[in-house]
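Remarks on the overall topology
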Amino acid sequence: MLRPLILVALAAGTAAAQSAPGTIRATVTDVPGGLVPGVSVEAKREPSGPTITGRGDARGTYTIDAPAGTYELSVNAPGMKSFRRSGLIVSAGQTLRLDVRLEETVSLRTLGEDPTAIAATYFNRPEPPKGPTPRLTNGKPDLTGVWLGGPTDLGGIDFQPWAAALLKERVDNNVKDWPPTFCQPASAVPFFTGGFFKLVHHPSTLVFIVENATAFTQMQLDGRPHPPGVGPYWLGHQVGRWDGDTLVVDAVGFRDRGWLGFSGQPHSDKLHVVERLRRPDLGHLEIEITLDDPGAFQKTWTGTLKATLSPDIELQEFVCNENNKDAAHMVGK
Amino acid sequence: MGRKGRTIALALVLTGAASPGVAQWLRYPTEGIPRTADGTPNLAAPAPRLPDGKPDLSGVWHAAQTPPCLDSRGEERPCGSAVGGSPLGGNLGRNLPGGKLPYQPWAAKLTEDRLKDRSIDDPHVRCMPDNPPRHWTLPHLTKALHTPKLLVLMYEVNAMYRQIFLDGRPFPADMNPTWNGYSVGHWEGDALVVETRGFRDDLWIDTQGSPMSSAGKMTEKIRRPNFGSLEIEVTIDDPKTYTKPFTVRLSEQLEPDTEILDEFCLEGEKDYERLQRTRGK
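The shown structure was predicted, so the numbers you read here are calculated from the model rather than taken from an experiment.

A count of helices and strands for chain A gives three helices and 18 strands. Relative to its full complement of 333 residues, chain A shows a buried share of 43%. Of the contacts formed within chain A by residues at least 6 apart in sequence, a portion of 65% connects residues at least 24 apart.

Secondary structure summary: chain B contains two helices and 13 strands in total. Sorting the 281 residues of chain B into buried and exposed places 42% on the buried side. Taking as baseline every contact in chain B between residues at least 6 positions apart, the subset at least 24 positions apart corresponds to 61%.

Moving on, we get to unusual backbone geometry. Gly231 of chain A connects to Pro232 of chain A through a cis peptide bond whose omega is 5°. For the peptide bond that leads from Pro132 of chain B to Pro133 of chain B, omega is 0°, which places it in the cis range. Of note, Arg257 of chain A is a non-glycine position whose phi angle comes to about 55°, a positive value. On the secondary structure map, Arg257 of chain A appears in the loop between β13 (246-252) and β14 (258-259). Among the residues examined, Arg257 of chain A registers 14 C-beta atoms within 10 Å and is labelled partly exposed. Positive phi values are uncommon outside glycine, yet Asp202 of chain B reaches one of about 55°. Along the chain, the position of Asp202 of chain B falls in the loop between β8 (191-197) and β9 (203-204).

Another aspect to go through is the interface of chain A and chain B. By a widespread convention, an interface's size corresponds to the accessible area lost as its parts come together. Taken together, the contacts link 24 residues of chain A with 26 residues of chain B. Secondary-structure elements contributing two or more residues to the side of chain A that touches chain B are β9 (196-202) and β10 (205-210) of chain A. At three residues, β10 of chain A tops the list of elements feeding residues into the side of chain A that touches chain B. Each residue belonging to the side of chain A that touches chain B can be placed in one class, and the counts come to twelve nonpolar, eight polar and four charged.

It is characteristic of soluble globular proteins that their nonpolar side chains tend to be buried jointly. Membership of the largest hydrophobic core comes to 98 residues, with the highest contact counts inside it found for Val207, Ile209 and Phe216 of chain A together with Val152 and Tyr161 of chain B. Each residue touching Phe216 of chain A, except ones within four places of it in the same chain, is listed here: Val207, Phe208 and Ile209 of chain A together with Met154, Ala159 and Tyr161 of chain B. If you look at the next biggest cluster of nonpolar residues, it comprises 19 residues, including Ile24, Met80, Val90 and Leu102 of chain A.

With that out of the way, let us pick up the environment of Pro161 of chain A. Among the secondary structure elements, Pro161 of chain A is positioned in helix α2 (residues 161-172). Taking the C-alpha atoms as reference points, Pro161 of chain A and Gln298 of chain A, separated by 137 residues in sequence, lie 9.1 Å from one another.

In this section: the sheet that holds strand β5 (residues 150-155) of chain B. All names here are of chain B. Read around the closed barrel, nine strands run β1-β4-β5-β6-β7-β8-β11-β12-β13, paired in mixed fashion. Between one strand axis and the next, the sheet turns through 30° on average, direction left out of account. Where β5 and strand β6 (residues 161-165) come together, five bridges link them in antiparallel fashion. Within β6, the position partnered with Leu153 by the bridge is Arg162.

Residues and elements named next belong to chain B. Counted at 1.5 Å a residue, the expected span for helix α1 (residues 105-116) with its twelve residues is 16 Å, and the 17 Å between its end C-alpha atoms agrees. Along α1, the positions that sit buried rather than exposed are Ala107, Thr111 and Arg114. Down the axis of α1, the sector holding all buried residues measures 60°, keeping them to one side. Facing away from the buried side of α1 by more than 90 degrees, the exposed set consists of Pro105, Trp106, Lys109, Asp113 and Lys116. On its buried face, α1 sits against β10 (211-212). In the stretch just after α1, Arg118 is the one whose phi turns positive, near 55°.

Attention shifts here to α2 of chain A. Residue and element names in this part refer to chain A. The end-to-end C-alpha distance of α2 is 16 Å, a good match for the 16 Å that twelve residues give at a rise of 1.5 Å each. All of the buried residues in α2 are Ala163, Leu167 and Arg170. Along the axis of α2, the buried residues cluster in a sector spanning 65°; they form a single face. Among the exposed residues of α2, those pointing more than 90 degrees away from its buried face are Pro161, Ala165, Lys168 and Glu169. Where α2 is buried, its residues touch β15 (266-267).

Turning our attention to the confidence of the model for chain A. Averaged over every residue, the pLDDT of chain A is 84; the share at 70 or more is 87%. Throughout residues 1-19 of chain A the model reports pLDDT below 50, and contacts reaching past four residues in sequence, or to other chains, amount to 69 contacts.

Residue and element names in this part refer to chain A. Within the open sheet, the three strands sit side by side as β4-β1-β7. Their pairing is mixed. Pairing within the sheet leaves two strands with one partner each, and these edge strands are β4 (61-67) and β7 (95-102). Across the sheet, the axes of successive neighbouring strands diverge by a mean angle of 25°, strand direction being ignored. Strand direction decides the pairing type here: strand β1 (residues 21-30) and β7, joined by eight bridges, are parallel. For Thr29, the partnering residue across the bridge sits in β7 and is Arg101.

Residue and element names in this part refer to chain A. As defined by bridge partners, β13 adjoins strand β16 (residues 272-281) across five bridges and the pair is classed as antiparallel. Across the sheet, Val248 pairs through a bridge with Arg276, a residue of β16. Relative to strand β17 (residues 284-292), β16 runs antiparallel, the two sharing eight bridges. From the neighbouring strand, Asp281 faces β17, where its bridge partner is His284.

Right, let's get into the confidence of the model for chain B. Residues and elements named next belong to chain B. Chain-level statistics for chain B give a pLDDT mean of 88 and a share of 89% at 70 or above. Across residues 1-23, confidence stays below pLDDT 50; counting only partners more than four residues off in sequence or on other chains, it has 62 contacts. Per the prediction output, this complex has pTM 0.81; the corresponding ipTM is 0.86.

Criteria and thresholds
Residues numbered from 1 in each chain as written. Chains lettered and ligands numbered in written order. Predicted model: local features only at pLDDT ≥ 70, side-chain atom pairs only at ≥ 80, totals over all residues. Helix = DSSP H or I, 4+ residues; strand = E, 2+ residues; numbered from the N terminus. Buried ≥ 20, exposed ≤ 12 C-beta atoms within 10 Å, placed from the backbone. Contact = placed C-beta atoms within 7 Å. Nonpolar A, V, L, I, M, F, W, Y, C, P; charged D, E, K, R; others polar. Core = buried A, V, L, I, M, F, W, Y, C linked by C-beta atoms within 7 Å. Pairing = 2+ DSSP bridges. Axes fitted to C-alpha atoms, helices over the stretch in contact; angles between N-to-C directions. Expected span 1.5 Å × (residues − 1). Arc of directions from axis to C-beta. pLDDT = per-residue confidence, 0-100.

Next comes the structure, spelled out in structure tokens:
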């Protein structure tokens with residue numbers, strides 16, 4: 001089975017620079033006591049003031065500088081229940097210390113999964129090599145490489161009521177029917193699968209291969225349109241075109257009630273995905289993802305995923321359904 | 001259920017190999033295919049070339065032959081499948097002297113037992129990878145994408161893939177045993193010579209269950225004599241399983257202007273369980 005994603009917000013810390021700030025400093029652990037790296041943090045000034053966002057570091061601590069006042073603090077890490085506390089008083093020049101303990105929404109520890117160790121893969125990655133963007137023979141950026149993606153925050157999707165109810169049902173049921181449990185694709189958006197993925201860039205086609213799930217998908221780059229009535233496919237029908245040095249991939253033709261992420265965010269067969277892929281240099285890949293789904297969302301959603309090049313390694317062969325025991329172990333409530 | 005064909009050695013029953021009623025073949029006049037005046041793909045045209053001048057093996061391929069299907073009297077009849085499968089898919093040694101592979105005694109016995117069981121334990125039925133050389137013989141589409149440093153083979157079956165490295169790398173020192181093995185290729189004239197090592201034990205190399213061990217070494221010489229075909233000479237050297245190396249010839253034909261479909265074998269998969277119920281019957 002695919003390892004559960006540790007999806008963490010990418011929003012860079014943007015501490016408000018105002019006079020005489022105080023500081024909120026916290027250590028975030030999970031119930032067994034492991035440090036939870038890279039949490040997303042929001043401090044909202046009460047009653048209706050601005051919100052300061054930040055991100056925890058790789059060692060499970062975060063620090064926010066905030067103007068003196070009263071705050072509601074929320075701490076989120078995917079796969080974990082939200083931590084929320086209001087009435088926190090920040091005094092000028094003082095540090096408010098907190099210990100935050102996050103409970104898991106879904107525990108996969110019985111399957112031997114260690115969310116903290118998986119998160120460490122993302123946060124302790126080596127610096128990618130430096131150099132200019134490699135180019136295809138046609139002069140366009142060559143996106144080929146083995147990449148370590150994520151983490152991505154799929155939060156903030158504004159669901160229609162039926163989709164919100166389905167999401168709740170999936171979460172309440174401990175994501176028992178998560179497709180990778182049955183060796184099926186983790187997400188309609190391949191880049192949300194997590195872990196290592198490989199791009200093979202041929203002038204006619206961009207191939208996406210993911211290591212820890214089934215399996216590959218193609219983005220057609222030869223100018224073809226979406227065939228009428230194409231699909232329904234798990235991963236949609238994907239076509240791409242260049243906008244300068246940005247490859248714009250457009251996907252339609254999805255299945256109904258698919259999954260976008262590990263927490264069970266649903267989509268309908270009206271899902272429309274637009275991915276803008278950029279390789280600004282040798283070692284980095286940036287993908288801006290816009291999801292529009294008039295069948296499931298109230299409004300479009302946009303997020304960014306950043307990946308780093310993992311040179312000199314290759315994807316391992318992974319045959320999910322060889323002796324797969326997950327379906328029997330995922331027992332629901 | 002996906003479009004996985006379930007091949008059973010004796011009868012070569014290809015249920016499900018045709019596309020289901022709800023789906024449709026993707027048809028799109030694909031760029032780069034030479035055409036006659038009326039727009040028909042000219043499959044006899046010369047093979048395309050990579051920027052470095054070597055043959056470009058890219059394309060959507062399937063076995064050039066039609067597999068034999070047997071009726072209840074054991075007579076061959078058309079299978080009704082639009083996608084070819086090689087007669088060698090059932091018995092890779094069909095064209096060798098004696099009509100069989102040079103088995104070691106234990107391997108001959110194992111293959112015989114599997115045939116008696118009508119191949120109900122075939123890994124393909126359980127949606128396991130169609131390891132080489134089987135993917136060249138089964139009645140399914142394979143798309144090849146050829147870049148100067150890498151040849152990727154994408155199988156329609158269960159979105160499986162195989163990589164053939166063309167960047168001159170050696171075999172890794174300590175390979176994980178895998179279904180697809182580790183494949184590296186080099187050019188000998190216009191033939192791409194692909195060598196594969198690092199297989200896991202007890203792979204099936206045909207549908208009757210001829211085995212290959214982790215000692216197996218495979219060499220595939222792939223040529224594209226014209227736009228529409230591939231010729232593949234497969235040599236297997238596995239002294240644990242076979243008394244001597246053997247070479248068989250396979251051929252593929254291009255399926256122009258179409259694409260492989262999204263197919264997840266395990267979705268609603270019932271074949272394995274149903275076939276297991278027939279054991280001994």
